[in-house]
Amino acid sequence: MRLVARSPPISSRSQLGFMRPGLRGQINREFGTVLGEGTSQIQLRRRSGFGGMKDRLGRSLKRTLTIPVVSKPSQYIELIEQKMPERVRSEILAMYNSTCGAIITDPALMGVPIDDHGFHRGHAVFDTCNIHNGNAYGIDMHLERLLSSAEMARIEVKFSHAQLRDILLETMAAAGRPDGVFCRYWLTAGRGDFQISPRGCLEGSSFYTIVHKTWDRDDTTAVKEVIVTTPVKPPLLANMKSNNYMINALSSMEAEDYGGSLGIQADVNGYILEGSISCVAIVGEDRILRTPKFDLILPSLTVKRILDLGHKLLDSGIISGIFQNDVHIDDVLQAKEVIMLGGHHVVPVGRVGDTVIGNGERGPVCRGLQKLQYEDMLDAKMLTPIPFRSN
């Protein structure tokens, strides 16, 4: 069951100790227990502990689940292969894992150690790279942002920029596809223990890379977006591309609840911040392209390239200016065009909530930006050839 309604925040001791009668009844039905009006959550836990679990008729619940105990790699791999979703088998093409120092092409062997602090503490940063016509697009600017994020996250990186670059390119080559694939990669505080601090990660940072198939997308059709109420990240987490994307996921889920896609966040004063995986740009009646400053959001490389290339739209008269400044929700709702910028994609927005933007379709500025982005992905200065091996 998917719950859309939000619960109010806990603000009193009574809310912590006792539950609403309706909720109490729901839990009664779930656990098959009969509770009095004053039964606390602690009492509920005591009554429904593993040792005394009973159904509503008082009968002991028998265990019906048998879990195999695996001690050999071959047994583990066999189970993984049996339960692997077909889409995983067909979509993930190659992975680099620094804990074994190898590139892996069998999805059954791909995994992250459970004691890696990137997994159990979220102490990791990541970035991505587009692959087009056998080339890695903008690989160095993405690696620079990765290392900048790692510095903010106080991850002591044991790999040089050049080593990371070579690993990415070799993994892309092992995937064996010049187009239709995408690269993601993560730097973590490393393996070691389950403490909160990474002091026990004596082997240093870990690096993981995945190359997977992309999905079809239509950036010509305008989408609907929603101003979401999901709380925003603090500046430190907003400015780095950390592995903690819970807020981003919840923003997108809230947008989907109301027919949107990525969601658009705003601060308490109504000024636009960003989407869950994109930045926001608007064009007003004055034909000025505006996008929020990076103070409280991730420094988008898509936006940076648009700012670098935007003079071409100025020269052609499509826009009359291009600025990073404060953008209010009212500015978005009154805009002629709203555009989502992320992952080097330029996506038109035809509706924000119940408000139709412009004529509800892709506008001339969006088309111009898409053309600039496409041309940039053909610019030799932005491309690094992938060293595919000949058979």
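For the structure itself, look to the data block above.
Quick caveat: nothing in here was measured; it's all calculated off a predicted structure.

*Asks:* I keep staring at the pairing of strand 5 (residues 181-188) and nothing clicks. Help me out?
*Replies:* Along any regular strand, the residues point their side chains to alternate faces of the sheet. Taking burial as the measure, the eight residues of strand 5 include six buried ones, the bulk of the element. Direction of pairing for strand 3 (residues 124-132) relative to strand 5: antiparallel, over a ladder of seven bridges. Residue pairing for strand 5: Cys129 is matched across the bridge by Cys183. Pairing of strand 5 with strand 6 (residues 206-213) involves eight bridges; the strand directions are antiparallel. When the sheet's bridge partners are listed, Trp186 is paired in strand 6 with Tyr208.

*Asks:* Can you walk me through unusual backbone geometry in this structure?
*Replies:* A negative phi holds for most residues other than glycine; trans holds for most peptide bonds. With a phi angle near 55°, Asn133 is a residue other than glycine that sits in the positive phi range. If you trace the backbone, Asn133 turns up in the loop between strand 3 and strand 4 (135-137). Taking relative accessible area as the criterion, Asn133 reaches 54% and is therefore assigned exposed. One non-glycine residue, Arg287, lies in positive phi territory at about 65°. Mapped onto the elements of the fold, Arg287 is located in the loop between strand 10 (279-283) and strand 11 (288-291).

*Asks:* Before we go on, may I ask you to explain the sheet that holds strand 5 in this structure?
*Replies:* The strands making up a sheet associate through backbone hydrogen bonding, with each pair oriented either parallel or antiparallel. Read from one edge of the open sheet, seven strands run 2-1-6-5-3-4-16, paired in antiparallel fashion. Here the strands that pair on one side only, and so sit at the sheet edges, are strand 2 (102-104) and strand 16 (383-385). This sheet shows a mean twist of 25° between the axes of neighbouring strands, independent of strand direction. Contacts from helix 7 (residues 139-152) reach strand 3, strand 4, strand 5, strand 6 and strand 16, with the element oriented near 175° to strand 3.

*Asks:* I keep staring at the pattern of salt bridges and nothing clicks. Help me out?
*Replies:* Evaluation of the coordinates by the stated rule reveals eleven salt bridges. A salt bridge links Arg217 to Asp219; its shortest N-O distance comes to 3.3 Å. Owing to a relative accessible area of 43%, Arg217 belongs among the partly exposed residues under this scheme. Judged by relative accessible area, which is 18%, Asp219 ranks as buried. When the shortest N-O distance is used, the salt bridge between Glu375 and Lys371 registers 2.5 Å. Pair noted here: Glu375 and Lys371 are both in helix 14 (residues 364-376), with a separation of four residues, about one helical turn. A relative accessible area of 32% means that Glu375 is categorised as partly exposed.

*Asks:* For this particular structure, what's the right way to read the environment of Ile357?
*Replies:* Tracing the chain through its elements places Ile357 in the loop between strand 15 (355-356) and helix 14. For Ile357, a relative accessible area of 1% gives the class buried. Residues Ile357 and Lys224 lie 133 residues apart in sequence; the distance between their C-alpha atoms is 9.6 Å. Those residues in contact with Ile357 that lie beyond four places of it in its chain are Val332, Leu333, Ala335, Lys336, Glu337, Val338, Val349, Gly350, Arg351 and Val352.

*Asks:* How should I be thinking about the packing of aromatic side chains in this particular structure?
*Replies:* The geometry of an aromatic ring pair is captured by the separation of the ring centres together with the interplanar angle, meaning the angle of the planes. Scanning the model with the defined rule gives four aromatic pairs in all. When the ring of Phe126 is compared with that of Tyr245, the centres are 5.2 Å apart and the planes differ by 75°; the resulting orientation is edge-to-face. On the criterion of sequence distance, the pair formed by Phe126 in strand 3 and Tyr245 in the loop between helix 9 (235-239) and helix 10 (246-257) is long-range, its members being 119 residues apart. In this structure Phe126 comes out as buried when scored by relative accessible area, which is 10%. Taken together, the ring pairs in this structure connect Tyr96, Phe159, Tyr185 and Phe207 into an aromatic cluster.

Criteria and cut-off values
Residues numbered from 1 in each chain as written. Predicted model: local features only at pLDDT ≥ 70, side-chain atom pairs only at ≥ 80, totals over all residues. Heavy atoms only, no water. Buried < 20%, exposed > 50% of the residue type's maximum accessible area, 1.4 Å probe, protein only. Helix = DSSP H or I, 4+ residues; strand = E, 2+ residues; numbered from the N terminus. Pairing = 2+ DSSP bridges. Axes fitted to C-alpha atoms, helices over the stretch in contact; angles between N-to-C directions. Contact = heavy atoms within 4.5 Å. Salt bridge = Lys/Arg side-chain N within 4 Å of Asp/Glu carboxyl O. Phe/Tyr/Trp six-rings, centres within 6.5 Å; stacked < 30°, edge-to-face > 60°.

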